[in-house]
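For reference, the chains in residue letters:
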Amino acid sequence: MIWNEEIETMDRAGMQKIQLERFKETVRRVENHPFHKERLQKAGVSADNIKSLEDLQKLPFTMKDDLRDNYPFGMFAVPRRDVVRIHASSGTTGKPTVVGYTRGDLENWAECIARIATMGGASAEDTAQIAFGYGLFTGAFGLHYGLEKIGATVVPMSSGNTRKQIMLMQDFESTVLVGTPSYALYIAEVMDELGVDRSTIKLKYGLFGGEGSTEEMRAEIERRFGIIATENYGLSEVMGPGVAGECTHKCGMHINEDHFIAEIINPETGEVLPEGETGELVLTTISKEALPIFRYRTRDITSLRRERCACGRETMRMSKIQGRSDDMLIIKGVNVFPSQVESVILGMEHIGPHYQLIVTKKGFTDALEIKVELTDGSLLESYGELEKTNKRIKERLHSVLGIDAKISLVEPKSLERFTGKAKRVIDLR
Ligand code: DLL
């Protein structure tokens, strides 16, 4: 099923026409906004002189700091009375990043999610249990209204309270689970602990996002629940979830291109890269009223491609996020993304899908320790087996990533579990 056939299967020329019109409209709306005015003038860009989508490249990037510097509402481009919702992303230090929505923005948001939910298999027949945290985070409210729009029965369970989560999943016969992949995995684990009979769980689809996950992690989640798991992507600064999502063919996330223009840049030089190359995703909103943003540097590393998908959609697709440019660890000069480590350890015998990376500095040298959870605690009693497992992980990491790491095999269920976004890297340098 395709939610918005006209838009999602529109040919390139048609889509680019919409993009150009909306880009111009967005520029027109902010030409007198203090933050944008100066930047547009400096770049020599005005709504009247934009000729093609390439003109976007004349504009400077917008960074997270721009939002922080204008805390809380300085980036809003409409009068406060027109803002009907506010969200914020927590951030690790200091003030949160605040984002706002007009009524029109909320309608577009629900539309974007309706498309993504439909792509991922959901329909009016489904009961969707939302296990993202409700609150300032965009995840829960974002998915909520889009799922309601398609007519699904929404269960606003929120994150946490895992036993109740499972009970309601059984009693309400939820067919769609919405949350982070790491929380899904945790729910599956608690189901096992409680000895829940799989036939009492009616789940068919999982709509997961908010954090990265590898194909190996997806396979594990699909196997444990017996569902089709798709992922979706977004970030609060440009909307929240709803930027892009996978269809059930699972070959890249379809970007809602009539609302966002995507570019890929070299994160070091800022140069725009040709299609297909891997780099940092940069997003421009072309329908947002309350908080329009030009060329927002997401820090997320991905690549874009355009071929028509087997599902019939023509929209540009982005590959799985390989990591965030600010998450990339440089260990003894080698670039390492936590997702690469996840790919290496998942699927290995005796090893569960839970791990933690600890980076330290000894003198001038970086050291990486990877704590990996065993699936079977009895292995801890067999020194020989432990050594063998340890050696296998070490060798595989070395051959795939070219780095040496200390591997610590730890007891089952001893590493932290997450009900929201997982934090798997501790950098103590
Ligand atoms: O996480 C929005 C969202 C909620 C998307 C629920 C999808 C589902 P923020 O809290 O602002 O917003 O965090 C945005 O999360 O820049 C990525 O680094 C990461 N992220 C989100 N989705 C994915 C994904 C929401 N599918 C940041 N894969 C982004 C990898 C993701 N990373």
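Here, every reference points to the structure presented above.
Conventions we followed
- Residue positions are counted from 1 within each chain, in the order its sequence is given.
- Given that the model is predicted, a residue must reach a pLDDT of at least 70 before its local features are reported, and side-chain atom pairs must reach 80 or more before they are shown or counted; all residues, however, enter totals for whole chains, interfaces and linings.
- Side-chain figures throughout are based on the complete set of non-hydrogen atoms in the structure, without hydrogens or water.
- To qualify as a helix, a DSSP run of H or I must reach at least 4 residues; to qualify as a strand, a run of E must reach at least 2; elements of each kind are numbered from the N terminus.
- The atom set for the radius of gyration is the C-alpha atoms, and the globule formula is 2.2 Å times the number of residues raised to the power 0.38.
- Only protein chains enter the accessibility calculation, which uses a 1.4 Å probe; a residue whose area is less than 20% of its type maximum is buried, one above 50% is exposed, and one in between is partly exposed.
- Whether two residues are in contact is decided by their heavy atoms: any pair within 4.5 Å suffices.
- To be clear on the numbers: accessible area is Shrake-Rupley with a 1.4 Å probe, and residue cover counts the displayed protein chains and nothing else.
- In summary, the charge assignment counts Lys and Arg as positive and Asp and Glu as negative, without counting His or the chain termini.
- Charge positions come from single atoms, namely NZ of Lys, CZ of Arg, CG of Asp or CD of Glu.
- Distance and chemistry together define a polar contact, namely a pair of N or O atoms within 3.5 Å, with one atom able to donate a hydrogen and the other to accept it when in protein, and with adjacent residues in sequence counting only for side-chain atoms on both sides.
- Angles shown run from 0 to 180 degrees and are taken between the N-to-C directions of axes, each axis being a line fitted to C-alpha atoms and, for helices, limited to the stretch in contact.
- Each angle gets one of four labels, with under 35 degrees taken as roughly parallel, over 145 as roughly antiparallel, 65 to 115 as roughly perpendicular, and the rest as oblique.
- Salt bridge, as used here, is a side-chain nitrogen of Lys or Arg placed within 4 Å of a carboxyl oxygen of Asp or Glu.
- Side-chain atoms within 4.5 Å are what join buried Ala, Val, Leu, Ile, Met, Phe, Trp, Tyr and Cys residues into a set we call a nonpolar core.
- Pairing between two strands is assigned when DSSP locates at least 2 bridges connecting them.
- Any residue with at least one heavy atom within 4 Å of a molecule or strand is counted as near it.
- Three classes are used, and their members are as follows: Ala, Val, Leu, Ile, Met, Phe, Trp, Tyr, Cys and Pro are nonpolar, Asp, Glu, Lys and Arg are charged, and the others, Gly among them, are polar.
- Expected span of a helix, by definition, is 1.5 Å for each gap between consecutive residues, and there is one gap fewer than residues.
- Each crossing gets its handedness from the near helix: less than a right angle anticlockwise from the far helix is left-handed, clockwise is right-handed.

Novice: Describe the overall build of the protein, and please don't skip the residues or the numbers.
Specialist: When helices and strands are tallied, the protein shows eleven helices and 21 strands. The globule rule puts the C-alpha radius of gyration for 429 residues at 22 Å, and the 22 Å found for the protein is close to it. Out of the 429 residues belonging to the protein, those deemed buried represent 55%. Counting contacts in the protein only where the partners sit at least 6 residues apart, residues at least 24 apart contribute 65% of the total. Carbon and sulfur atoms make up 49% of the accessible area of the protein, which totals about 18700 Å². On the protein, the mean spot of the 56 positive side-chain charges and the mean spot of the 63 negative ones are 3 Å from each other.

Novice: Residue-level account of the side chain of E280, with values.
Specialist: Along the chain, E280 turns up in strand β11 (residues 279-285). Here R297 takes part through its side chain, which lies 2.7 Å from a polar atom of the side chain of E280. Setting aside anything within four residues of it in sequence, one finds E280 in contact with E263, I264, I265, P267, R297, T298, R299, D300, I301 and S325.

Novice: I'd love a proper account of the packing of helix α5 (residues 103-119) against helix α6 (residues 138-149), names of residues and values included.
Specialist: Orientation of α5 relative to α6, taken along the N-to-C sense of each, is 75°, at an axis distance of 7 Å. Taken together, the axes of α5 and α6 are roughly perpendicular relative to one another. Contact residues: α5 offers W109, A110, E111, I113, A114 and A117, while α6 offers T138, G142, L143, Y145, G146, L147 and K149.

Novice: Can you lay out the pattern of salt bridges for me, pointing to particular residues and giving the numbers?
Specialist: Inspection of every chain in the model, using the stated rule, returns 33 salt bridges. Measuring nitrogen to oxygen at the nearest pair gives 2.9 Å for the salt bridge that ties E111 to R115. Here R115 and E111 lie together in helix α5, a separation of four residues that amounts to about one turn. In this structure, E111 and R115 share a single accessibility class: buried. Through salt bridges with shared partners, a single ionic network connects K361, D366, D427 and R429.

Novice: Residue-level account of the nonpolar core, with values.
Specialist: Within the largest apolar cluster, 49 residues are counted, with the highest numbers of intra-cluster contacts made by L147, Y233, L283 and M318. Setting aside its immediate chain neighbours within four residues, L283 contacts Y233, L235, V238, V243, F260, I261, A262, I293, F294, R295, Y296 and T298. Counting 45 residues, the second largest nonpolar core, distinct from the first, contains A188, F208, M217 and I407.

Novice: Any details on the sheet that holds strand β10 (residues 260-265)? Residues and values, ideally.
Specialist: Taken in spatial order, the four strands line up as β10-β11-β12-β15 in an open sheet, and their pairing is antiparallel. Every other strand in the sheet has two partners, leaving β10 and β15 (323-324) as the edge strands with one partner each. Judged from the six bridges that link them, β10 and β11 form a sheet pairing that is antiparallel. Within β11, the residue paired with I265 across the bridge is E280.

Novice: Hey, could you go over the site of the ligand for me, with residue numbers and the actual values?
Specialist: Not every one of the 21 residues close to the ligand is listed here, only the nearest: E231, N232, S236, D300 and K421. Taken by itself the ligand offers 610 Å² of open surface, and the protein chains cover 92% of this. Looking at the shell around the ligand, the elements with two or more residues in it are α6, β7 (228-235) and β8 (240-246). The greatest single-element share of the shell around the ligand, amounting to five residues, is contributed by β7. When grouped by side-chain class, the residues that make up the shell around the ligand number six nonpolar, nine polar and six charged.

Novice: Describe helix α8 (residues 181-194), and please don't skip the residues or the numbers.
Specialist: Compared with the 20 Å implied by 1.5 Å per residue over 14 residues, the 20 Å span of α8 between its first and last C-alpha is a close match. Most of α8 sits out of view: ten of its 14 residues are buried. Buried residues along α8 sit against α7 (162-171), β5 (176-179), β6 (205-209), α9 (215-225) and β18 (351-362). Phi for G195, located one or two positions after α8, is positive at around 65°.

Novice: Got a sec to walk through the packing of α8 against α9? Specific residues and values, please.
Specialist: Orientation of α8 relative to α9, taken along the N-to-C sense of each, is 35°, at an axis distance of 10 Å. Handedness of the α8/α9 crossing: left-handed. On α9, the residues touching P181, A184, L185, I187, A188, E189, M191 and D192 of α8 are M217, E220, I221, R224 and F225. Across the contact of α8 with α9, the residue classes tally to nine nonpolar, no polar and four charged.

None of the figures reported here should be taken as evidence of function without further support.
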